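Architecture at a glance
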Amino acid sequence: MPPSAGIDADATTGDPPTDAARRYYLWTIGCQMNQADSRRLAEALEARGYAASRRPEDADVLILNTCVVRQSAEDKVVGRLSSLEPLARDPEHRRILLVMGCIVGDAVELSARFRDVDGFFAPSDVQGLLSYLDGRHGEGQLSGPLRAVQVSEMVPISYGCDHHCTYCIITERRGPQQSRPLSDILAEARDLVSRGAREITLLGQNVDAYGSDLDDGVDLADVLAAVHEIPGLLRLRFLTSHPREMSQRIIDAAAQLGKVCPSWELPVQAGDDAVLRRMARGYTIDRYRDVVARIRAAIPGAAINTDIIVGFCGETEEQFERTLELARELRFDQVHIAAYSVRTGTAAATWPDDVPPEEKERRRLALESLQTEITGEINARLRGRTVEILVEDRQRGRWRGRTASNKLVFFDDPADWRGRLARVRITWTGPWSMIGDVETDDGH
Ligand code: SAH
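The rules behind these values
- Residues numbered from 1 in each chain as written.
- Predicted model: local features only at pLDDT ≥ 70, side-chain atom pairs only at ≥ 80, totals over all residues.
- Heavy atoms only, no water.
- Near = heavy atom within 4 Å.
- Polar contact = N/O pair within 3.5 Å; in protein donor to acceptor, adjacent residues only side chain to side chain.
- Areas by Shrake-Rupley, 256 points an atom, 1.4 Å probe, with all protein chains shown as cover.
- Helix = DSSP H or I, 4+ residues; strand = E, 2+ residues; numbered from the N terminus.
- Nonpolar A, V, L, I, M, F, W, Y, C, P; charged D, E, K, R; others polar.
- Pairing = 2+ DSSP bridges.
- Axes fitted to C-alpha atoms, helices over the stretch in contact; angles between N-to-C directions.
- Contact = heavy atoms within 4.5 Å.
- 1 Å grid on protein atoms, 1.4 Å probe; cavity = no way out; pocket = protein on both sides within 12 Å on 5 of 7 lines; lining within 4 Å.
- Points joined across faces, edges and corners; volume = space filled by probe spheres on them.
- Core = buried A, V, L, I, M, F, W, Y, C linked by side-chain atoms within 4.5 Å.
- Buried < 20%, exposed > 50% of the residue type's maximum accessible area, 1.4 Å probe, protein only.

**Considerations on the site of the ligand**
Neighbouring residues of the ligand: 16 residues in total, closest Tyr 167, Gln 205, Gln 269, Asp 307 and Ser 341. Between an oxygen atom of the ligand and a side-chain N or O atom of Gln 269, the distance comes to 2.8 Å. In this structure, Ser 341 approaches the ligand through a main-chain N or O atom, which is 2.8 Å from a nitrogen atom. Summarising the interface, the protein chains cover 89% of the accessible area of the ligand, which totals 540 Å² for the free molecule. Among the secondary structure elements, those contributing two or more residues to the shell around the ligand are β12 (303-310) and β13 (334-339). For the shell around the ligand, the residue count by class is 8 nonpolar, 4 polar and 4 charged.

Printed below as a string of structure tokens:
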């Protein structure tokens, strides 16, 4: 594990007990793992009797769950932290300020920089943060009401990553892979489904390598098969996949298990072998093509989503052109595009960041406009067709859900569709979402 639980500024001064419910403010940024950690944290806090507060001013405990994958995320975290520090030192209302997530590397350096922070906790160290609060406030009786769960919930299956991609700070901050035992994963998934979740997304930095650090021989295919059997569960997803560890066993399991959605998060990062080598990704474009072909052969119509970094150190115009060609050739359903951002502490940070910012932006826009066109075409093929969506919630008066291939669909209907599967005839499509009419059992 990464350097763990935190610097504790003044653990010796226990706060006086009070009768009023304490309130917490939780701010989260970053990947699904952070969102899942925050959900677990909020649930544990509410079970201890803390009430959620929307405004930091009204809270007694301020918690930031942070991301530093790119400079832009780090800037937001630092901005938020700076705006909360005055609240933490307000003499009228002293508040506890706690920071967890990927900004927490060198806690000693951080505590010198952010003096009003009471504690820093490693990424996913929900337990460490809770123990700290228990120490400050007393353990409290586990009396609070159980939090409402969402239709679609996420369950971490492994933390950390054994790859050392040269651009990536996450592997340094989260440390080597630690897979959770299957029994823990199942207990959490069963609990969520019993409380109303209908879709579970299994999370890991590299889900395909799940179990390689355990000695029980269990792999992702086994986890999928076990979670699949939970009664009441309608859909099962998993992310993020790594092209290097993706096995035929995983592809076959996904193809055979009916609840596993035909949607893959398979980051390629670049379309050129030399760039991939410098990124230390551990595969070639041919290997990537082969994985995509095997997924598409086993699961016709499977959606393939990817991540791409443009403007990595030394990326030439020609190498970038190969990324565009690959996007044209493989026709991804979605591409998450990022301009390369230097992260101190990574191998690539010691190399010249030699693609100028305006050139990175030009490449980002070129790939984005190509991909918007492709995604638009893929979605347009659904016009006039009926798709099955799992309805998650209502947004601006419309029901919102996703197809199994993870495409966003909206429809209007007076009935309560939350948590149900709806058959929707698509009437309008765009690159980001679609609209349709729900088909009801009586044929309307
Ligand atoms: N484990 C995943 C990635 C997690 S980070 C994987 O195997 O790729 C999410 C995405 O952020 C990455 O896929 C990458 O596209 C992007 N990213 C990571 N580090 C970055 C950096 N230094 N600059 C720009 N984008 C970055």
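**Brief notes about the sheet that holds β13**
Ordered by their spatial adjacency, 3 strands build an open sheet running β11-β12-β13, and the pairing between neighbours is parallel. In this open sheet, the two edge strands, each paired with only one partner strand, are β11 (263-265) and β13. Within this sheet the neighbouring strands show an average axis-to-axis angle of 15°, counted without direction. Strands β11 and β12 of the sheet are contacted by helix α10 (residues 285-298), whose axis makes an angle of about 160° with β12.

**Re the layout of surface pockets**
Taken as a whole, the second largest pocket encloses approximately 460 Å³ of empty space. Lining the second largest pocket are 18 residues, and of these Gly 301, Leu 382, Arg 385, Ser 405 and Lys 407 lie nearest its centre. Its residues placed into classes, the lining of the second largest pocket shows 7 nonpolar, 3 polar and 8 charged.

**Quick word on the nonpolar core**
Judged by nonpolar contacts, the single largest core of 94 residues is most densely connected at Leu 202, Val 227 and Trp 264. In this view, Trp 264 contacts Phe 238, Ser 241, Met 246, Ile 250, Ile 251, Ala 254, Ile 295, Ile 299, Ala 302, Ala 303, Ile 304 and Asn 305; residues no more than four positions away in its chain are not counted. Of all hydrophobic cores here, the second largest spans 17 residues; its members include Ala 42, Val 126, Leu 129 and Leu 130.

**Some details on the sheet that holds strand β14 (residues 386-395)**
Around the barrel, 5 strands lie side by side as β14-β15-β16-β18-β17; this closed barrel has mixed pairing. Neighbour-to-neighbour, the strand axes of the sheet open up by a mean angle of 50°, direction not taken into account. Sheet topology note: the strand β17 (residues 421-429)/strand β18 (residues 434-439) ladder contains 6 bridges and is antiparallel. By the bridge assignment for β18, Arg 425 is matched with Asp 437.

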